[in-house]
Amino acid sequence: MLGTCMKSLAWLALLALWAGCTGGESVETDVAPPTIRDVPGASWPRLAARKIFFGHQSVGFNILSGVNDLMQADPQIRLDLVETRDLADRDGGVFAHSRVGRNSDPYTKIRDFSEVVEHGVGGPADIAFFKFCYVDIGADTDVDKLFSAYQTALSELKAHYPETAFVHVTVPLCVTRTSWKTGIKKLLRRQEMWEYDDNVKRNEFNERLLDAYRGKEPVFDLAGVESTFPDGRRCSFVRGGKSYFSLVPEYTYDGGHLNETGRRKAAEPLLVLLAELAQAD
């Protein structure tokens, strides 16, 4: 009897670990996502001449490290990365960046980004954007309220600074950590499951952002990049009969921040998007 019980627990543990990142969903696309190799060489000088502002916290620093990695690997890409909140006195192009708001309080990030734009970035900036952190959205987040606040702020900024291209960024994800206890919770049909609920909320916010802006305004789908394996499969889990996405474990060193592989993975599509915006000017 004891042996049977132990076998059952072991099976549940394997099941739960597998469910944390099945990678079973394939990206349905007719073409491969663009890479730096697809960017015309003439686009990089145009991008280098643009004034850009990026508001972020720690994952943003990871992404900027990835930008530095790519610049070292490709001599065509030469961006002036400067940590500053003021573009008014900057001559020539600059990729300015700064911390905005406080982690775990996404509303402070919306307010701080708006203030930065209104006091030194708006007007001079050709491109401006900020990102939330994974700690800003969790199981208790009112996604509708937060997205409404985000939309209102960005709409006001776009109206006041029509010459600036504002880029929308999806919320980064975490690795979905599970154990044998997760399998038991599933069998018991527990409603609250911390292993999944934080990432579920992040996915819900990202769905709203993509539905509102994709195909209409510039979007950097950071979560999409983070959850996609090199072969195109998605790192996913199922909650309530619906699939949600997680950070690919191979892209992180602690379950949330990006390692060398992850940061380059995120930096490349960001640079491609920025180069496309610069070319469109």
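Everything discussed here concerns the structure shown above.
What comes next concerns the included structure.

Cut-offs used in this document
Residues numbered from 1 in each chain as written. Predicted model: local features only at pLDDT ≥ 70, side-chain atom pairs only at ≥ 80, totals over all residues. Heavy atoms only, no water. Buried < 20%, exposed > 50% of the residue type's maximum accessible area, 1.4 Å probe, protein only. Helix = DSSP H or I, 4+ residues; strand = E, 2+ residues; numbered from the N terminus. Pairing = 2+ DSSP bridges. Right-handed = clockwise from strand over helix to strand, strands pointing away. 1 Å grid on protein atoms, 1.4 Å probe; cavity = no way out; pocket = protein on both sides within 12 Å on 5 of 7 lines; lining within 4 Å. Points joined across faces, edges and corners; volume = space filled by probe spheres on them. Nonpolar A, V, L, I, M, F, W, Y, C, P; charged D, E, K, R; others polar. Expected span 1.5 Å × (residues − 1). Contact = heavy atoms within 4.5 Å. Disulfide = S-S within 2.5 Å. Axes fitted to C-alpha atoms, helices over the stretch in contact; angles between N-to-C directions. Parallel < 35°, antiparallel > 145°, perpendicular 65-115°, else oblique.

1. Examining the pairing of strand 5 (residues 127–130)
Residues Ile-127 and Phe-129 of strand 5 are buried on one face, and the alternating residues Ala-128 and Phe-130, pointing to the opposite face, are buried as well. Here strand 2 (residues 51–56) pairs with strand 5 via four bridges, running parallel. Each residue of the ladder has a partner; that of Phe-54, found in strand 5, is Phe-129. Pairing analysis gives three bridges linking strand 5 to strand 6 (residues 165–169), with the strands arranged parallel. Following the sheet pairing, Phe-129 is matched in strand 6 by Val-167. Regarding topology, helix 5 (residues 143–160) serves as the crossover connection from strand 5 to the parallel strand 6, and that connection is right-handed.

2. Notes on the layout of surface pockets
One number sums up the size of the second largest pocket: a volume of about 190 Å³. Residue lining of the second largest pocket: 14 residues in total, with Asn-203, Asn-206, Glu-207, Leu-210 and Phe-245 positioned closest to the centre. Considering each element in turn, the lining of the second largest pocket owes the most residues, five residues, to helix 7 (residues 194–213). Of the residues in the lining of the second largest pocket, the class split is four nonpolar, five polar and five charged.

3. Looking at helix 3 (residues 58–73)
With 16 residues, helix 3 should reach 22 Å at 1.5 Å per residue; the first-to-last C-alpha distance of 23 Å fits that figure. Among the residues of helix 3, those classed as buried are Val-59, Gly-60, Asn-62, Ile-63, Leu-64, Gly-66, Val-67, Asp-69, Leu-70 and Met-71. Buried residues along helix 3 sit in contact with strand 2, strand 3 (81–83), strand 4 (94–99), helix 8 (222–226) and helix 9 (260–280).

4. Some points on the side chain of Lys-109
Examined against the element boundaries, Lys-109 turns out to sit in helix 4 (residues 106–121). By relative accessible area, which is 1% here, Lys-109 ends up buried. Those residues in contact with Lys-109 that sit more than four places away from it in its chain are Gln-57, Val-100, Gly-101, Arg-102, Asn-103, Phe-130, Lys-131, Phe-132, Cys-133 and Asp-136.

5. A short note on the state of the cysteines
The bond known as a disulfide is covalent and runs between the sulfur atoms of two cysteines. Per the stated rule, a full pass over the model turns up zero disulfides. With no disulfide of its own, Cys-133 lies closest to Cys-174 among cysteine sulfurs, the gap being 7.7 Å. Residue Cys-133 is classed as buried on the basis of its relative accessible area, which comes to 2%.

6. Some points on the sheet that holds strand 7 (residues 219–220)
The strand order across the open sheet formed by six strands is 3-4-2-5-6-7, and the pairing between neighbours is parallel. Among the strands making up the open sheet, the edge pair consists of strand 3 and strand 7. Note: strand 6 against strand 7, two bridges, orientation parallel. Looking across to strand 7, one finds that His-168 is bridged to Val-219.

7. Considerations on the environment of Tyr-244
Within the secondary structure, Tyr-244 sits in strand 10 (residues 242–245). Judged by relative accessible area, which is 7%, Tyr-244 ranks as buried. Among all residues touching Tyr-244, those that are not within four sequence positions of it are Val-200, Asn-203, Glu-204, Glu-207, Cys-235, Ser-236, Phe-237 and Arg-239.

8. Thoughts on the packing of helix 4 against helix 5
Orientation of helix 4 relative to helix 5, taken along the N-to-C sense of each, is 5°, at an axis distance of 10 Å. Classified by the angle between their axes, helix 4 and helix 5 sit roughly parallel to one another. On the side of helix 4, the interface is formed by Pro-106, Tyr-107, Ile-110, Phe-113, Ser-114, Val-117 and Glu-118, while helix 5 contributes Lys-145, Leu-146, Ala-149, Tyr-150, Ala-153 and Leu-157. Of the residues that constitute the contact of helix 4 with helix 5, the class distribution is 10 nonpolar, one polar and two charged.

Just geometry here; none of it tells us what the structure is for.
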